[in-house]
Amino acid sequence: MSLFRSKTTAPVPAPAGHGPAISLDKVPSGLVNLTKTAAVSLEKSGLTGQRAAVYLVLDHSGSMDGFYRDGSVQLLAEQALGLSANLDDDGTVPTVYFSDHAERPHMVDLGNYNGVINATHLKARWGYTNYAAAIRTVADLHRQSGATAPALVIFQTDGDPYLPGVDAKREAENALRDVSNLPLFFAFVGFGNSISFLKKLDNLRGRTVDNASFFHARDPHSVSDAELYDGLTHEYAGWLAAASAAGVIR
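Below is a short write-up of the structure. Because the structure is a prediction, the values reported are computed rather than measured.

Analysis parameters
- Residues numbered from 1 in each chain as written.
- Predicted model: local features only at pLDDT ≥ 70, side-chain atom pairs only at ≥ 80, totals over all residues.
- Heavy atoms only, no water.
- Helix = DSSP H or I, 4+ residues; strand = E, 2+ residues; numbered from the N terminus.
- Rg over C-alpha atoms; globule rule 2.2 N^0.38 Å.
- Contact = heavy atoms within 4.5 Å.
- Areas by Shrake-Rupley, 256 points an atom, 1.4 Å probe, with all protein chains shown as cover.
- Lys, Arg positive; Asp, Glu negative; His and termini not counted.
- Charge placed at Lys NZ, Arg CZ, Asp CG, Glu CD.
- Pairing = 2+ DSSP bridges.
- Axes fitted to C-alpha atoms, helices over the stretch in contact; angles between N-to-C directions.
- Salt bridge = Lys/Arg side-chain N within 4 Å of Asp/Glu carboxyl O.
- Buried < 20%, exposed > 50% of the residue type's maximum accessible area, 1.4 Å probe, protein only.
- Parallel < 35°, antiparallel > 145°, perpendicular 65-115°, else oblique.
- Left-handed = near helix turned anticlockwise from the far one by under 90°.
- Nonpolar A, V, L, I, M, F, W, Y, C, P; charged D, E, K, R; others polar.

### Observations concerning the overall build of the protein
- In terms of helices and strands, the protein carries 9 helices and 6 strands.
- Taken against the 2.2 N^0.38 rule, which gives 18 Å for 250 residues, the C-alpha radius of gyration of the protein at 17 Å falls within 12% of a compact globule.
- Overall size of the protein, expressed as C-alpha extent along the three principal axes, is 50 × 40 × 35 Å.
- Across the protein, every contact between residues at least 6 apart in sequence was considered, and the portion connecting residues at least 24 apart equals 81%.
- Approximately 10,400 Å² of the protein is accessible, and the part contributed by carbon and sulfur atoms is 49%.
- In the protein, 21 positive and 26 negative side-chain charges are present, and the distance between their average locations comes to 4 Å.

### Observations regarding the sheet that holds strand E6 (residues 212–217)
- Across the sheet, 6 strands lie side by side as E3-E2-E1-E4-E5-E6; this open sheet has mixed pairing. Two strands in the sheet have a free side with no partner beyond their single neighbour: strand E3 (106–109) and E6. Mean inter-strand twist for the sheet, computed between neighbouring axes without regard to direction, equals 25 degrees.
- Where strand E1 (residues 53–59) and strand E4 (residues 151–157) come together, 6 bridges link them in parallel fashion. Across the sheet, the residue bridging to valine 57 is phenylalanine 155, located in E4.
- Along the sheet, helix H5 (residues 131–145) contacts E1, strand E2 (92–98), E4 and strand E5 (184–191); its crossing angle with E1, the most-contacted strand, is approximately 155 degrees.

### A few points about the pattern of salt bridges
- Within this structure, the stated rule accounts for 9 salt bridges.
- A salt bridge links lysine 44 to aspartate 230, with the nearest nitrogen and oxygen atoms 2.9 Å apart. Of the two residues, lysine 44 is situated in helix H1 (residues 29–44) and aspartate 230 in helix H8 (residues 225–233); the sequence distance between them amounts to 186 residues.
- We classify lysine 44 as exposed; its relative accessible area is 57%.

### Concerning the packing of H1 against helix H3 (residues 72–87)
- Put simply, H1 and H3 touch, their axes get as near as 8 Å, and they point 60 degrees apart. Considering the angle they form, H1 stands oblique to H3. The crossing of H1 and H3 is right-handed. On the side of H1, the interface is formed by Leu31, Leu34, Thr35, Ala38, Ala39 and Leu42, while H3 contributes Glu78, Gln79, Leu81, Gly82, Leu83, Ala85, Asn86 and Leu87.
- Of the residues contributing to the contact of H1 with H3, the split by class is 9 nonpolar, 4 polar and 1 charged.

### Observations concerning the pairing of E1
- Within E1, 7 of the 7 residues are buried, which leaves the element mostly enclosed by the surrounding structure.
- With burial as the criterion, each face of E1 is covered, one bearing Ala53, Tyr55, Val57 and Asp59 and the other bearing Val54, Leu56 and Leu58.
- Two strands pair when backbone bridges link them, and E1 and E2 are joined in this way by 4 bridges, in the parallel orientation. Counterpart to leucine 56 in the pairing with E2 is threonine 95.

### A few points about the pairing of E2
- Among the 7 residues of E2, 7 are classified as buried, and the element is accordingly described as predominantly covered.
- Of the two faces of E2, both are covered, the one formed by Thr92, Pro94, Val96 and Phe98 as well as the one formed by Val93, Thr95 and Tyr97.
- As paired elements, E2 and E3 share 4 bridges and run antiparallel to each other. Looking at the pairing, valine 93 lines up with valine 108 of E3.

### Side note on the packing of H1 against H8
- Closest axis-to-axis distance for the H1/H8 pair is 9 Å, and the angle between their directions is 45 degrees. By the angle class used here, H1 and H8 are oblique. In this structure, the crossing between H1 and H8 has a hand that is right-handed. Contacts between H1 and H8 involve Leu34, Thr37, Ala38, Ser41, Leu42 and Lys44 from the first element and Asp225, Ala226, Tyr229, Asp230 and Thr233 from the second.
- Looking at the contact of H1 with H8, its residues break down into 5 nonpolar, 3 polar and 3 charged.

This is the structure:
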């Protein structure tokens with residue numbers, strides 16, 4: 001469904017519209033429990049059999065260093081793959097690091113997920129926190145992919161947008177409004193304590209449809225997989241209905 005494909009042997013899709021997008025016996029053992037837990041959350045939201053591209057956006061500002069070091073970001077990448085295995089049959093989650101600018105995507109997939117964050121994030125630049133660049137980059141990637149399915153974007157950060165000399169908060173608000181007419185849903189995940197702006201984005205006015213949710217994972221290692229998946233999916237079903245009614249999803 002997304003433009004980018006794994007370079008490993010392609011996973012085996014499940015029958016369209018029936019359960020997980022990828023057959024469970026083709027999911028690596030380290031991701032099976034995550035895939036099953038994600039399936040439960042999807043079922044609770046009436047999303048079993050739904051198909052969507054999954055993207056992962058990761059804050060690479062200087063304050064994030066500790067979350068990379070303690071494995072919190074690697075955990076989120078694995079959780080994203082568990083969700084993707086239910087929604088997207090290509091077994092790949094395009095992953096975008098952002099600071100001042102958004103980086104080119106890295107392909108996190110069922111074959112390379114072990115240690116993938118340490119293997120890739122060290123190539124990304126550290127910097128400030130430019131939400132707008134990340135939002136627009138993912139929108140461009142999804143347009144370029146030619147995908148017909150909607151996209152669920154897991155967008156992680158530990159703080160408010162900030163760029164010297166720029167009203168980065170206003171830029172982020174404008175970017176989220178500008179992409180609200182596209183088949184993209186942003187599930188914001190806040191690490192740490194500085195999450196007030198994410199709450200504001202969750203309730204932002206002036207959008208074609210409400211295209212965002214917010215889940216606070218203050219200490220990512222203390223949040224259960226089920227809690228995270230419920231947080232990522234509970235507003236997504238409502239967005240699908242609203243976006244379809246508004247002609248955003250065709």
